[in-house]
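Chain by chain, the residues:
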Amino acid sequence: DAKTTQPPSMDCAEGRAANLPCNHSTISGNEYVYWYRQIHSQGPQYIIHGLKNNETNEMASLIITEDRKSSTLILPHATLRDTAVYYCIVTAGGTSYGKLTFGQGTILTVHP
Amino acid sequence: GAVVSQHPSWVICKSGTSVKIECRSLDFQATTMFWYRQFPKQSLMLMATSNEGSKATYEQGVEKDKFLINHASLTLSTLTVTSAHPEDSSFYICSHRGRAEKLFFGSGTQLSVL
């Protein structure tokens, strides 16, 4: 799996958009970009994933650059409950999907 | 979607005892489950892949005789930490692939070995 680079921490005001960047310059053509988050002392939670097109679901939006070397996770209206560690993971998927390599992630702190 | 039930949520045991952690897939038949471990202030590390009806495959550096994995049915995988020692104290998390290439995680088990 390609390596990802994320800032160690970010702050965001409640109600504002949180934009979490991720660099994955060595991504391969068949690798997806996944985002998970982990709230303290809980298991990770799936947020969103994409291959090359931008994606949106009820939780977030994922913007992938045209060269696919970086992406941004957007939480449109952050709440205090969005405080968590956010992991950007690049993986090929398929039958080997599930053997994820978690980096250190970004600690997002949403403050009032 | 899929729901993964893991228990116990936390367990405290004496050094030398064995601890069993259960991971159940409540609404999805999971032929494959994954076990991760997370030490304090560190990220998750994959320990092993549990395959229904066959032997688990372990990641490099993980002792298969110490971390026994059983996946006897499509809905249940168990991890037994045998002869636990304080260095085995960690947060253990199971997961499985659901539909649409998503990975669903249990709520985790905090193991503290005294």
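Structure: above.
Residues numbered from 1 in each chain as written. Chains lettered and ligands numbered in written order. Predicted model: local features only at pLDDT ≥ 70, side-chain atom pairs only at ≥ 80, totals over all residues. Heavy atoms only, no water.

A.B. asks: Hey, could you run me through the packing of aromatic side chains in this one?
C.D. replies: By the definition in use, this model includes 11 aromatic pairs over all chains. Judged by centre distance (6.3 Å) and plane angle (15°), the ring pair of Y34(A) and Y36(A) falls under stacked. Overall, the relative accessible area of 1% leaves Y34(A) in the buried class. Judged by relative accessible area, which is 0%, Y36(A) ranks as buried. Residues F102(A) and F105(B) carry aromatic rings whose centres are separated by 6.1 Å and whose planes lie at 75° to one another, so their mutual orientation is edge-to-face. With F102(A) in the loop between β8 (84-91) and β9 (106-111) and F105(B) in strand β10 (residues 103-105), the pair connects residues from two separate chains. Counting every residue linked through ring pairs, the aromatic cluster contains Y32(A), Y34(A), Y36(A), Y46(A), Y87(A), F102(A), Y36(B) and F105(B). (Phe/Tyr/Trp six-rings, centres within 6.5 Å; stacked < 30°, edge-to-face > 60°. Buried < 20%, exposed > 50% of the residue type's maximum accessible area, 1.4 Å probe, protein only. Helix = DSSP H or I, 4+ residues; strand = E, 2+ residues; numbered from the N terminus.)

A.B. asks: Got a minute to help me understand the nonpolar core in this structure?
C.D. replies: A general tendency of soluble globular proteins is for nonpolar side chains to be buried together. Ranked by internal contacts, the top residues of the largest apolar core, which has 24 residues, are W35(B), F67(B), L79(B), Y92(B) and L111(B). Of all the elements in the fold, those that place two or more residues in this core are β2 (10-13), β3 (19-25), β4 (32-38), β5 (45-51), β7 (67-73), β8 (76-81), β9 (90-97) and β11 (109-113) of chain B. It is β3(B) that contributes the most residues to this core, 3 residues altogether. Excluding residues within four positions of it along the chain, L79(B) makes contact with V19(B), K20(B), I21(B), W35(B), F67(B), L68(B), I69(B) and Y92(B). L20(A), C22(A), Y86(A) and C88(A) belong to the second largest nonpolar core, which has 21 residues in total. (Core = buried A, V, L, I, M, F, W, Y, C linked by side-chain atoms within 4.5 Å. Contact = heavy atoms within 4.5 Å.)

A.B. asks: Would you take a moment to explain a nonpolar patch on the surface for this structure?
C.D. replies: Taken together, the side chains of W10(B), I12(B) and L114(B) define a hydrophobic patch exposed on the protein surface, amounting to about 400 Å² of accessible area. Inspection of the secondary structure assignment puts I12(B) in strand β2. (Patch = residues over 30% accessible without salt bridge, like charges linked within 9 Å, V, L, I, M, F, W, Y side chains within 5 Å. Areas by Shrake-Rupley, 256 points an atom, 1.4 Å probe, with all protein chains shown as cover. Salt bridge = Lys/Arg side-chain N within 4 Å of Asp/Glu carboxyl O.)

A.B. asks: Hey, could you run me through the state of the cysteines in this one?
C.D. replies: All told, the structure shown has 2 disulfides over all chains when counted by the stated rule. The disulfide partner of C23(B) is C94(B), and the gap between their sulfur atoms is 2.0 Å. Residues C23(B) and C94(B) are joined through a disulfide that is right-handed, its torsion about the S-S bond being 80°. Here C23(B), found in strand β3, pairs with C94(B), found in strand β9; they are 71 residues apart in sequence, far enough to count as distant. A residue is classified by how much of its surface remains accessible, and C94(B), at 0% relative accessible area, is buried. Looking at C12(A), it has no disulfide partner, and the nearest cysteine sulfur is the one in C22(A), 18 Å off. (Disulfide = S-S within 2.5 Å.)

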